[in-house]
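Secondary and tertiary structure notes
What follows is the residue order along each chain.
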Amino acid sequence: MRIWPLLPLLAFASPAIAGELIFQLTDAKGAPVRDAVVTLYPQGRPVPITAPARTYQIAQRDIRFNPFVLIVPVGAQVTFPNFDPVRHHVYSFSPVKKFELKLYAKEQNRAVRFDKPGVVPLGCNIHDQMTAFIKVVDTALSVQTDRSGRATFGAVPNGPVLAHVWHPYLRAPANQIELRIASGPGRQVQSVNLSLRAPPQAAASY
Amino acid sequence: MRGRALAPNLRHPFARVIALMCLLFLCVSPAHAAAADLFSADTLSAIADVRIVAANGEKSWTDGGYGKGRFGGDHSENWRLRPVAAEADLIWQPRFTWSLSGTVTVAAQDKQDHPVDLIEAYFKFKPIPKGSTQISAKAGLYWPSISLEHHGAGWQVDDMITPSAINSWIGEEVKVIGAEATIARDVGSSRISGTVGVFGFNDTAGTMLAFRGWALHDYKATAFGKQSLPPLNELLEYGQAEKTRPLIEVDNKPGYYGKLEWRMAAPVTLSIFHYYNRGVPEAVTTRLQWGWKTRFWNAGVRVDPSAKTKILAQALVGRTEMGFREPNRYWVDTKFRSAYLRVSHQIKTLTVSARGDWFETRERGAFLDRAESEKGWAGTAAASLHISSNINIIGEIIHILSERGGVRQEELGLPRNQHQTIVQAALRLTL
């Protein structure tokens, strides 16, 4: 689970404070869904991101991207350190951010800035089995589900809230569903059942 | 002969492929020099496979018999135990640019014509995709993409020692010098790809199937070597060379193949493959290598019901013809069919696999008649222990049943039915 570091400060800054809002995501079999991203828009509007700029990272280690899903705010810079002893040719052809990085073995100083909100799928042209996703968000209320399928928001303003739930394999347009909920005081648990596709198979090597 | 094979001249097509690679090294411009990676540790790897083998049944065709496996029993067809240095591969995968790479694999295999020989030498061009469509191309010496059981450079079998009857045959006879192009496109959550290829130097494909029948083994066709055949009947022993050369152009007619693959949103991949070498059955070299007219269809299914379970199935059906018409049938006219179903399941670092094979040939040739037809089954169980990224230990047991008459029955007095069991434990090292 990831949450902006300044989210608690946001709670003190806002006049309408609510308690915790917890999203519990499960799949069709009732198993928790990790690596989903829940973004909240109180009153349908994004919460401005006031966190200081920091650098995010997607590492390449053991011929895998790590993490598999990364949330970053609009304007964030992401580094792509290669800890593998082999090359990687990282790319994305997403309309949100088209780029390619030619990373030599152990090269660790390359970065890309993401200026538009949306989803950026990543691949490696040398290792087809490598895949990852960057979710570029425009609201401070953005949390990734943990192993138990939970996304916990410490403080959400009272009133109607628009929630987006995104997962790379969600059976929905753009892999995202929209929920309209009413946030109130105290602790509130929102259970959401998702229908997921199976992850795509790696390309046959022969 | 061996010296010639190891030092080929430039008239040979394989030598041209290697020469072209060398030329590319020299032509790597300064602009691309940084992208090129020709001889780093990243480009070189090696695989060694040593085994303890116990087998019974008839002698292998490599020992002049009609056995159905790479290994057979002793002279009385009883169990024989032996250590075997089965294979050692040296793999070189240079990268000329970020989009253009090469693969060259040299292999040592026991009981092959040449102790060390080339098994792969090809270029692969794969530019970065600009959208949901990706193109790629390959050219050189390679196996067309038919097997669901093999992977990577060196063409290793996943989690088992011995591939199915279908892929044993692909490994020994269906290797080409050719070029192919692939276009793949994401459609919704699935991916559809199509491949077309043209090739030469695979005119003898079908020889092993016709004269030996199906077999289960992990020998791989080499660029310069020949493969042993079992004893031929008296009508054919003077018309066909004692050994078949899998990589040879006899009739100067290129062949073609095509493949469609659909990787579905569900964890299922379907593929269909067609091969036709456009061989001229009457074409023959002075050393009695013939232009076999061979065509076949292969259908493949892969299902991944969970991250740890894999189900593979292939079915192949085809026909091959060779020789002159006597009067209205070719010397050899073989229809062949086979199918297998395999399940593999991973339990921590152990992967257990089971496979059932069915195979059949129907002979209708003037010199190789109905009596030479074959029917058979095989069952294989294997356990592969992944000790580290460099060390695998694989245990495997195969039982093969085959029914075939003809020369083995009438001229050599062998029974129509043969049963064979092969037990192997392999230590596979990857460096």
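Bear in mind that the values here come from a model prediction, so they are computed numbers and not experimental data.

Residues and elements named next belong to chain A. Once the domains are mapped, chain A shows domain 1 (19-47 + 140-196) and domain 2 (55-137). Relative placement of domain 1 and domain 2: their C-alpha centres are 25 Å apart. With ten residues of domain 1 at the contact, the number on the domain 2 side is nine residues. Between domain 1 and domain 2 lies a buried interface of about 820 Å² when both sides are counted; carbon and sulfur atoms form 75% of it. Applying the counting criterion to the domain 1 and domain 2 interface returns zero salt bridges. At the junction of domain 1 with domain 2, the criterion picks out one residue pair in polar contact (both at pLDDT 80 or more).

What follows covers the interface of chain B and chain A. Size of an interface: often given as the accessible area lost when the parts come together. With 34 residues of chain B in contact, the opposing surface of chain A contributes 22 residues. Summed over both sides, the interface of chain B with chain A buries roughly 2400 Å², with 50% coming from carbon and sulfur. Considering only the surface of chain B that becomes buried against chain A, W98, I128 and R263 of chain B emerge as the three largest contributors, covering 31% of it. Summed over the shared surface of chain B and chain A, the number is two salt bridges. A salt bridge links D37 of chain B to R87 of chain A; its shortest N-O distance comes to 3.8 Å. Applying the counting rule to chain B against chain A returns four residue pairs in polar contact (both at pLDDT 80 or more). Those elements that place two or more of their residues in the side of chain B that touches chain A are β4 (116-125), β6 (150-151), β13 (268-276) and β14 (293-306) of chain B. With three residues, β14 of chain B is the single largest residue contributor to the side of chain B that touches chain A.

All names here are of chain B. Within the secondary structure, R185 sits in strand β8 (residues 176-187). Remark: the alpha-carbon pair of R185 and G131, spanning 54 residues in sequence, is separated by 8.8 Å. When neighbours within four sequence positions are excluded, R185 is seen to be in contact with S132, T133, S190, R191 and I192.

Moving on: the sheet that holds strand β2 (residues 37-42) of chain A. All names here are of chain A. Reading across from one edge, β13-β2-β15-β16 is the order of the four strands in this open sheet, with antiparallel pairing throughout. Only two strands of the sheet have a single neighbouring strand rather than two, namely β13 (142-144) and β16 (176-183). The average undirected angle you get between the axes of adjacent strands in this sheet is 20°. Bridge count for strand β15 (residues 159-166) against β16 is eight bridges, and the pairing is antiparallel. In the sheet register, W166 faces β16, and the bridge partner there is Q176.

Take the pairing of strand β15 (residues 309-325) of chain B next. All names here are of chain B. In terms of strand pairing, β14 meets β15 through twelve bridges, oriented antiparallel. Residue pairing for β15: K293 is matched across the bridge by E321. Hairpin connection of β14 to β15: two residues between the antiparallel strands. Where β15 meets strand β16 (residues 330-347), 15 bridges bridge the pair, whose relative direction is antiparallel. Bridged to A313 within β16 is L341.

A contiguous patch of positive charge, built from R329, K335, R362 and R370 of chain B, is present on the exposed surface. For R362 of chain B, the location among the structural elements is in strand β17 (residues 350-363).

Turning next to the pairing of strand β20 (residues 417-430) of chain B. On a regular strand, one side chain projects to one face of the sheet and the next to the other, so that they alternate. Residues and elements named next belong to chain B. In this sheet, β20 lies alongside strand β1 (residues 44-55) in antiparallel orientation, the contact comprising nine bridges. Paired with D49 across the strands is R428, a residue of β20. Where strand β19 (residues 391-404) lies against β20, 13 bridges are found, and the strand directions are antiparallel. Bridging from a neighbouring strand, I398 pairs with I422 of β20.

With that out of the way, let us pick up the sheet that holds strand β12 (residues 131-137) of chain A. Residue and element names in this part refer to chain A. Within the open sheet, the five strands sit side by side as β6-β12-β11-β8-β9. Their pairing is mixed. Lying at the two open borders of the sheet, with one neighbouring strand each, are β6 (69-73) and β9 (97-103). Each neighbouring strand pair of the sheet contributes to a mean axis angle of 20°, computed without reference to strand direction. Bridge count between strand β8 (residues 88-94) and strand β11 (residues 118-124): two bridges; the pairing is antiparallel. Bridging across to β11, V90 finds its partner in C124.

Residue and element names in this part refer to chain B. Overall, the predicted model of chain B reaches an average pLDDT of 91, with 92% of residues at or above 70. Of the regions scoring below 50 in pLDDT, residues 1-8 engages in nine contacts with residues more than four places distant in sequence or in other chains. Predicted complex metrics record ipTM = 0.75 and pTM = 0.86.

What follows is about a negative patch on the surface. The grouping of E234, E237, E242, D369, E410 and E411 of chain B at the surface amounts to a negative patch. Along the polypeptide, E411 of chain B turns up in the loop between α6 (407-410) and β20.

It is worth spelling out the side chain of T204 of chain B at this point. Relative to the assigned elements, T204 of chain B resides in the loop between β9 (190-200) and α5 (207-211). Excluding its chain neighbours within four sequence positions, the residues that come into contact with T204 of chain B are E173, T244, R245, P246, I248, Q289, W290 and W292 of chain B.

Here we take up a nonpolar patch on the surface. A surface patch of nonpolar side chains, amounting to about 430 Å² of accessible area, comprises V50, L385, I387, I393, L427 and L429 of chain B. Assessed through its relative accessible area of 46%, I387 of chain B is described here as partly exposed.

This part takes up the confidence of the model for chain A. Model confidence for chain A is summarised by a mean pLDDT of 86, while 88% of its residues fall at 70 or above. Counting interchain partners and residues more than four positions distant, the pLDDT-below-50 stretch residues 1-15 of chain A has 34 contacts.

Cut-offs used in this document
- Residues numbered from 1 in each chain as written.
- Chains lettered and ligands numbered in written order.
- Predicted model: local features only at pLDDT ≥ 70, side-chain atom pairs only at ≥ 80, totals over all residues.
- Heavy atoms only, no water.
- Domains from an automatic or database assignment.
- Contact = heavy atoms within 4.5 Å.
- Buried area = accessible area lost by both parts, 1.4 Å probe.
- Salt bridge = Lys/Arg side-chain N within 4 Å of Asp/Glu carboxyl O.
- Polar contact = N/O pair within 3.5 Å; in protein donor to acceptor, adjacent residues only side chain to side chain.
- Helix = DSSP H or I, 4+ residues; strand = E, 2+ residues; numbered from the N terminus.
- Pairing = 2+ DSSP bridges.
- Axes fitted to C-alpha atoms, helices over the stretch in contact; angles between N-to-C directions.
- Patch = residues over 30% accessible without salt bridge, like charges linked within 9 Å, V, L, I, M, F, W, Y side chains within 5 Å.
- Areas by Shrake-Rupley, 256 points an atom, 1.4 Å probe, with all protein chains shown as cover.
- Lys, Arg positive; Asp, Glu negative; His and termini not counted.
- Charge placed at Lys NZ, Arg CZ, Asp CG, Glu CD.
- pLDDT = per-residue confidence, 0-100.
- Buried < 20%, exposed > 50% of the residue type's maximum accessible area, 1.4 Å probe, protein only.

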